[in-house]
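Examination of the molecular architecture
Next come the chains, spelled out residue by residue.
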Amino acid sequence: MSYKTRLFVILFLAGLPGVVSILLIDIEALAAALPFRDDSDVPPITPLIKILSLIQPTVLLALAVFTGVALAFKVGLSAPVAEAAADRLHIGSALKSQILPGVVGGVLGGTAIVLASLLWAPLLPPEAVTRISTFQGFVPLPTRLLYGGITEEILLRWGFMTLVVWVTWRFFRKSAPGPDSGVYIAAIVISALLFGILHLPIAYVVFPAFSASLTLFVIVANSLFGVIAGYLFWKKGLESAMIAHTLAHVVMFVANYIGAYF
């Protein structure tokens, strides 16, 4: 097995538990809480439907891992711990370099999201705040940590951000020997905004009435951390972004538990 194949397997297996953790979401309760406008019955969620729902995120995970393995080295991005494991080296030193930046980024990112939510809450309809709090409860902590902290970083940073850096460099800065800081910053912002925008379809289903303030809140709140994670991926490595994303969910969970975050 070649080095790149081993790296692919390692990262794919790292992201797979997050995909499987989707099964922990109480889809029946979530569907029952949705504001169906025609008062129709909630369709039955069978075990087969739950299993089939994992196909799309599994395919996306595989594509993201493949993209990163193919392009990350070309644009100076890395996954130090996974690369050390793929190279059959001791991962201790690689992991050590990821921990502190990840912890700092996670605390700052989680705190920023909590503060943004508190500041934005007065601008949102009371029903929206109640619904956000209700639907937060349908996603268990293991899913937030595994899918949000690990799988989403592979999808958005290792896969998508790497692709954006490569495309921007090759098509807009092709005379340069490699991507410059402007290319990385653009990729960070684009991937962060995409993460925020991708939450809109779900939000449109959850909220019967959608306002401009709610749209901006969904985008901004979900994009805030993306900037921090993208910076960590660029400067330190993928695993620091994973640590930060996981810890940010812990900060938000604790804040929600004590009533400081909805």
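Residues numbered from 1 in each chain as written. Predicted model: local features only at pLDDT ≥ 70, side-chain atom pairs only at ≥ 80, totals over all residues. Heavy atoms only, no water.

As for the environment of Ala112
Relative to the elements of secondary structure, Ala112 occurs in helix 6 (residues 92-120). A relative accessible area of 30% places Ala112 in the partly exposed class. When the C-alpha atoms of Ala112 and Leu224 are compared, they prove to be 7.4 Å apart, with 112 residues separating the residues in sequence. (Helix = DSSP H or I, 4+ residues; strand = E, 2+ residues; numbered from the N terminus. Buried < 20%, exposed > 50% of the residue type's maximum accessible area, 1.4 Å probe, protein only.)

A few points about the side chain of Thr67
Along the chain, Thr67 falls in helix 4 (residues 55-71). Residue class for Thr67 comes out buried when judged on its relative accessible area of 19%. What Thr67 contacts, discounting residues up to four positions off in sequence, is Ala72, Gly159 and Leu163. (Contact = heavy atoms within 4.5 Å.)

A short note on the pattern of salt bridges
This model, assessed by the stated rule, comprises two salt bridges. A salt bridge links Arg157 to Glu153; the shortest N-O distance between them is 2.7 Å. One end of the pair, Arg157, and the other, Glu153, are both in helix 8 (residues 141-172), four residues apart, so they sit about a helical turn from each other. Exposure class is identical for Arg157 and Glu153. Each is buried. (Salt bridge = Lys/Arg side-chain N within 4 Å of Asp/Glu carboxyl O.)

Details of the nonpolar core
Residues Leu77, Ile154, Trp158, Val165 and Leu238 are the most contacted members of the largest nonpolar core, which totals 33 residues. Counting residues per element, the ones that place at least two in this core are helix 1 (3-20), helix 4, helix 5 (80-86), helix 8, helix 9 (181-197), helix 11 (212-235) and helix 12 (238-257). It is helix 8 that provides the largest number of residues to this core, a total of eight residues. In terms of nonpolar packing, the next biggest core, distinct from the first, is built from 12 residues, Leu200, Phe207, Phe217 and Ile219 among them. (Core = buried A, V, L, I, M, F, W, Y, C linked by side-chain atoms within 4.5 Å.)

Some words on the layout of surface pockets
Here the largest pocket is characterised by a volume of approximately 2,200 Å³. Taken together, 50 residues line the largest pocket, and the ones lying closest to its centre are Tyr147, Glu152, Leu198, His199 and Ile202. Sorting elements by how many residues they give to the lining of the largest pocket places helix 8 first, with 10 residues. Classifying every residue of the lining of the largest pocket gives 35 nonpolar, 12 polar and three charged. (1 Å grid on protein atoms, 1.4 Å probe; cavity = no way out; pocket = protein on both sides within 12 Å on 5 of 7 lines; lining within 4 Å. Points joined across faces, edges and corners; volume = space filled by probe spheres on them. Nonpolar A, V, L, I, M, F, W, Y, C, P; charged D, E, K, R; others polar.)

Some details on the packing of aromatic side chains
If you walk through the whole model with that rule in mind, you get six aromatic pairs. When the ring of Tyr231 is compared with that of Trp234, the centres are 6.0 Å apart and the planes differ by 85°; the resulting orientation is edge-to-face. Taken as a pair, Tyr231 and Trp234 lie in helix 11 at a separation of three residues, close to a single helical turn. These aromatic residues form a ring-pair network of at least three members: Tyr184, Tyr231 and Trp234. (Phe/Tyr/Trp six-rings, centres within 6.5 Å; stacked < 30°, edge-to-face > 60°.)

Considerations on the packing of helix 4 against helix 8
With their axes 8 Å apart at the nearest point, helix 4 and helix 8 run at an angle of 45° to one another. With respect to helix 8, the element helix 4 is oriented oblique. Taken as a pair, helix 4 and helix 8 cross one another with a handedness that is left-handed. On the side of helix 4, the interface is formed by Leu60, Leu61, Ala64, Val65, Thr67, Gly68, Val69 and Leu71, while helix 8 contributes Thr151, Ile154, Leu155, Trp158, Gly159, Thr162, Leu163 and Trp166. Within the contact of helix 4 with helix 8, the residues separate by chemical class into 11 nonpolar, five polar and no charged. (Axes fitted to C-alpha atoms, helices over the stretch in contact; angles between N-to-C directions. Parallel < 35°, antiparallel > 145°, perpendicular 65-115°, else oblique. Left-handed = near helix turned anticlockwise from the far one by under 90°.)

Some words on unusual backbone geometry
At Arg88, a residue that is not glycine, the phi angle is positive and equals roughly 60°. Structurally, Arg88 can be placed in the loop between helix 5 and helix 6. Taking the relative accessible area as the measure of exposure, Arg88 reaches 63% and is therefore exposed.

Quick word on helix 7 (residues 126-136)
Structurally, the α-helix is built with 3.6 residues per turn, so residues lying three or four positions apart point the same way. Those residues of helix 7 that sit buried are Ala128, Arg131, Ile132 and Phe135. Projected down its long axis, helix 7 shows its buried positions confined to an angular sector of 105°, all on one face. Counted as exposed and oriented over 90 degrees from the buried face of helix 7: Pro126 and Thr130. (Arc of directions from axis to C-beta.)

A closer look at the packing of helix 1 against helix 4
Two elements in contact, helix 1 and helix 4, have axes whose closest approach is 9 Å; the angle formed by their N-to-C orientations is 145°. Like other packed secondary-structure pairs, helix 1 and helix 4 cross with a definite hand, here right-handed. Of the residues in helix 4, those touching helix 1 at Lys4, Leu7, Phe8, Leu11, Phe12, Gly15, Leu16 and Val19 are Pro57, Thr58, Leu61, Ala62, Val65, Phe66, Val69 and Ala70. Among the residues making up the contact of helix 1 with helix 4, the classes are represented as 13 nonpolar, two polar and one charged.

Any link to function would need more than the numbers given here.
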